[in-house]
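Listed below are the residues making up each chain.
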Amino acid sequence: MQLTNRSKQVSNKQMTLAERAYLPAIATGLAITIKHFFAKKVTIQYPEVKRYLGPVFRGRHILKRDADGRERCTACGLCAVACPAEAISMVAAERVKGEENLYREEKYAAVYEVNMLRCIFCGLCEEACPKQAVYLRHDEFVPVFTERDQVIWGKDLLVEDMNNRYTREAWTKEEARALDAKRASGEVTNVVPRAIP
């Protein structure tokens, strides 16, 4: 009875003198080395040339604003609850009269902090946010830390700059799937990235 279809027949034939001296194996290894020596180099000059990271890369955290420049975050705490590394902390506050142009809802995050040493860039905060306020940029790395006080990122580093808005071709999984289908069928060839609606 055969338990698997992946079994292999093993032969016990005697090795030749060349095989016992490992000459064919050494020649094969040298041939591979010489082939790679003359192949095109894959190294890039990193600071000047940056490789495309792809649409699924999760990099720098960002707190999005709406089209009017108001913060989307309502300090609901779902991102902090979803974070497996417990890297996100926030303090909620009530919006006072006259701050309608700063915050969309009556409740907002007065303090929003991400501990970048604890963050594992899993993207669960992004998925948990009901207001589409938290995103991990697909086009930007987290900068290197040189001091300990650079590790905790507050709203000063996280809130989106309206002069340099974060844009994507698709903001939801459904949009991305529909766009891929249109590209595959040839309906769409070029899509202009846009800010979140």
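Residues numbered from 1 in each chain as written. Predicted model: local features only at pLDDT ≥ 70, side-chain atom pairs only at ≥ 80, totals over all residues. Heavy atoms only, no water.

By the naming in an unreviewed UniProt entry, the protein chain goes by NADH-quinone oxidoreductase subunit I and is assigned to Dyadobacter soli. You can read under Catalytic activity (unreviewed entry) in the UniProt record for the protein chain the words "a quinone + NADH + 5 H(+)(in) = a quinol + NAD(+) + 4 H(+)(out)". Turning to the protein chain, the UniProt record has this under Sequence similarities (unreviewed entry): "Belongs to the complex I 23 kDa subunit family." (UniProt positions renumbered as here; feature names shortened; annotations may be inferred.)

A. How the structure looks around the UniProt feature "binding site: [4Fe-4S] cluster 2" (unreviewed entry) in the protein chain. On the UniProt side, "binding site: [4Fe-4S] cluster 2" (unreviewed entry) is annotated at positions that read Cys 83, Cys 119, Cys 122 and Cys 125 here. These annotated residues cover 43 residues of sequence, but their C-alpha atoms sit close together, with the largest distance between any two at 10.4 Å. Within the secondary structure, Cys 83 sits in the loop between helix H3 (78-82) and strand E2 (88-94). Judged by its relative accessible area of 13%, Cys 83 is buried. Structurally, the position occupied by Cys 122 is in the loop between strand E3 (107-115) and helix H4 (124-128). Once you skip the residues sitting within four places of it in the chain, Cys 122 turns out to touch Arg 58 and Pro 84. (Helix = DSSP H or I, 4+ residues; strand = E, 2+ residues; numbered from the N terminus. Buried < 20%, exposed > 50% of the residue type's maximum accessible area, 1.4 Å probe, protein only. Contact = heavy atoms within 4.5 Å.)

B. Representation of the UniProt feature "binding site: [4Fe-4S] cluster 1" (unreviewed entry) in the protein chain. UniProt's feature table lists "binding site: [4Fe-4S] cluster 1" (unreviewed entry) at Cys 73, Cys 76, Cys 79 and Cys 129, given in the numbering used throughout. These residues run over 57 residues, yet every pair of their C-alpha atoms falls within 10.3 Å of each other. Following the sequence through the fold, Cys 76 ends up in the loop between strand E1 (61-63) and H3. Cys 76 has contacts with Met 90, Lys 107 and Pro 130, leaving out every residue within four places of it along the chain. As for its placement among the helices and strands, Cys 129 is situated in the loop between H4 and strand E4 (134-136). The buried category is assigned to Cys 129, whose relative accessible area is 14%.

C. How the structure looks around the environment of Glu 86. Position of Glu 86 among the secondary structure elements: in the loop between H3 and E2. Counting along the chain gives 34 residues from Glu 86 to Ile 120, while the straight-line C-alpha distance between them is 9.9 Å.

D. Spotlight on the side chain of Arg 60. Along the chain, the position of Arg 60 falls in the loop between helix H2 (23-37) and E1. Relative accessible area serves as the criterion here: at 16%, Arg 60 is assigned to the buried category. For Arg 60, the side chain forms a polar contact with the main-chain oxygen of Leu 157, separated by 2.9 Å. Ignoring any residue separated from it by four or fewer positions in sequence, one finds Arg 60 in contact with Tyr 135, Leu 136, Arg 137, Glu 140, Phe 141, Val 142, Trp 153 and Leu 157. (Polar contact = N/O pair within 3.5 Å; in protein donor to acceptor, adjacent residues only side chain to side chain.)

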